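# Structural overview for review
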Amino acid sequence: MEELRSEIRSAFEREQAVHPPAEALRRDVVAAVTVHPRGAMNLQWVAVAAAVLIGLAVVAGLMSSRLAAHRAPVPGSSPKATPVVDYGPPPAGVSLLYVHDPNNPAWLIGYDWSGTPRGTVKLSPDLVQDPSALQMSPDGSGFEVGGTYKGGSGVFLDRLGRPIPQPAPSVEAAGAMWADDNQHQCLLTFDRSTFTWGLSTELPGQAGQRVAVIARDRSIGQTGISLAACSFQSDRAILMRTVISSISEVWVLRLSDGKVISHHSFGAGGANIVASSDAAYISMMPGTGADVAPGAFGASILRVSDWTVVGTPRVANVWGFSGDDSLLLADQRQADPLSLLEVVDWRSGAALWHDQGTSTLGGFLAQPGGRAFALVYTTSGNVTPGIPDPLATILIVNGDGSVTKFPRLYAPTW
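All of these numbers come straight from a predicted model, not from anything done at the bench. (Residues numbered from 1 in each chain as written. Predicted model: local features only at pLDDT ≥ 70, side-chain atom pairs only at ≥ 80, totals over all residues. Heavy atoms only, no water.)

We now examine unusual backbone geometry. You will see that phenylalanine 195, though not glycine, has its phi angle at about 55°, which is positive. Tracing the sequence through the fold places phenylalanine 195 in the loop between β8 (185–191) and β9 (196–202). (Helix = DSSP H or I, 4+ residues; strand = E, 2+ residues; numbered from the N terminus.)

A few words on the pattern of salt bridges. Counted under the stated rule, the structure contains six salt bridges. Arginine 241 is the partner of glutamate 249 in a salt bridge, and the nearest nitrogen-oxygen pair spans 2.6 Å. When its relative accessible area of 12% is taken as the criterion, arginine 241 is described as buried. The salt bridge partner of arginine 254 is aspartate 257, with a shortest N-O separation of 3.1 Å. A relative accessible area of 46% places aspartate 257 in the partly exposed class. (Salt bridge = Lys/Arg side-chain N within 4 Å of Asp/Glu carboxyl O. Buried < 20%, exposed > 50% of the residue type's maximum accessible area, 1.4 Å probe, protein only.)

In this section: the pairing of strand β24 (residues 373–378). Of all six residues in β24, five are buried; the element is thus mostly enclosed. The pairing of strand β23 (residues 361–366) with β24 spans five bridges and is antiparallel. Directly across from alanine 366, in β24, lies its bridge partner phenylalanine 373. Relative to strand β25 (residues 392–397), β24 runs antiparallel, the two sharing six bridges. (Pairing = 2+ DSSP bridges.)

Quick look at the pairing of strand β14 (residues 260–265) now. Where strand β13 (residues 246–254) meets β14, five bridges bridge the pair, whose relative direction is antiparallel. Among the inter-strand pairings, valine 252 is bridged to a residue of β14, identified as serine 262. Hairpin connection, β13 to β14: the antiparallel pair is bridged by five residues, and glycine 258 has positive phi, about 80°.

Glancing now at the sheet that holds strand β26 (residues 403–405). Judged by pairing direction, the sheet is antiparallel, and its four strands sit side by side in the order β23-β24-β25-β26 without closing on themselves. One side of each edge strand has no neighbouring strand; the edge strands of this open sheet are β23 and β26. If you compare each strand with its neighbour and ignore which way they point, the axes differ by 20° on average. Where β25 meets β26, three bridges bridge the pair, whose relative direction is antiparallel. Paired with isoleucine 396 across the bridge in β26 is threonine 404. (Axes fitted to C-alpha atoms, helices over the stretch in contact; angles between N-to-C directions.)

This part covers the sheet that holds strand β6 (residues 155–157). What the three strands build is an open sheet, ordered β4-β5-β6; its pairing is antiparallel. The sheet terminates laterally at β4 (134–136) and β6, the two strands that pair on one side only. Here the average twist between neighbouring strands, direction ignored, is 20°. Summarising the sheet, strand β5 (residues 143–145) and β6 pair through three bridges and their orientation is antiparallel. By the bridge assignment, valine 145 is partnered in β6 with valine 155.

With that settled, the discussion passes to the nonpolar core. One recurring pattern in soluble globular proteins is that nonpolar side chains are buried together. The biggest cluster of nonpolar side chains holds 28 residues, and the ones touching the most others in it are Leu97, Val99, Leu134, Phe143, Phe406 and Trp414. For this core, the secondary structure elements donating two or more residues are β1 (97–101), β2 (104–111), β4, β5, β24 and β25. Per element, the largest residue contribution to this core is four residues, and it comes from β2. For phenylalanine 406, the contacting residues outside a window of four places in its chain are Leu97, Val99, Tyr111, Gly115, Ile394 and Ile396. Residues Leu188, Ile225, Ala237 and Leu239 belong to the second largest nonpolar core, which totals 18 residues. (Core = buried A, V, L, I, M, F, W, Y, C linked by side-chain atoms within 4.5 Å. Contact = heavy atoms within 4.5 Å.)

Have a look at this one:
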């Protein structure tokens, strides 16, 4: 490099010797610089400003790339979705209502019965390929994915969403219901080789226990048996035989030894039955084959121990009892999804709350041991990728008739 500079300098001196500059050139240059002293400074400021702008652009580019890395979308999120909030591990011993986080269906948000978020359960994504297949226990202390709800083998989870190792499931499983202790399940089985209906109980993580053979039924398809109540607190289960679409008979069994406590048959037209969670009461409405005028009040409350009518609330249809058996979720219309829903004290007949009959009831859950109901009003038309469909409006109707509404639409787990 130094040799190249020497050669350039020598060539310049030779050229200058052949063509010397004018004598006044140095004086003219100095004069020009003296007249415009700011020109060089202006060029310097332009250079400095350009350097500053380039530096700012580089810094901005780095910041934007870092922010983009921190704002990477979670699986299942949509561009307009709000950030996922982690409420921490759910508290033990608190009854919670779980919904799927709209931004990440593998996360469950647990609300308490005052409508306050209290915890987040983070599930393995492979367990929630179909979010509707996940069902919580009545108090949210455990979950089941698949299982007899969907006809598969089922996976039980603890309150933190961790799988519970389970013995091989029964291939005869035909239906299941969480017990009122929120730990056990009653499991209905059907042996297709012998056409035999049976009842078992199971505790997640342990082998099932056979309770009793209920009936033998060769006309499967036209008739079926289902569970109405499973109570470890009262040591009773209520099972119903359905013919076409009405209940023809009811069994009350003791879970501890399988003994039939009572058996009741209904006359022509059958009945529609809803049981309380502790198997102490049933509501009985005329079946679809009964001769009942449209909109007629037909519900009666019977005490299971002696089948005595203990109440006749002025409602056409009963959806369920409250957890303490004092209230009913009912409506004034029979077989109509756009129900005039009410929460009724069935002993006094007083309606504590009612809606306007403009929404579709998609499901409900009674507060374990309490007086509140969580109602699911379904919506339609959701096409957002990655978000469970349909989302629903969720209301908590308290025992005093007051209402708490969840802050946004959710997919519930009950």
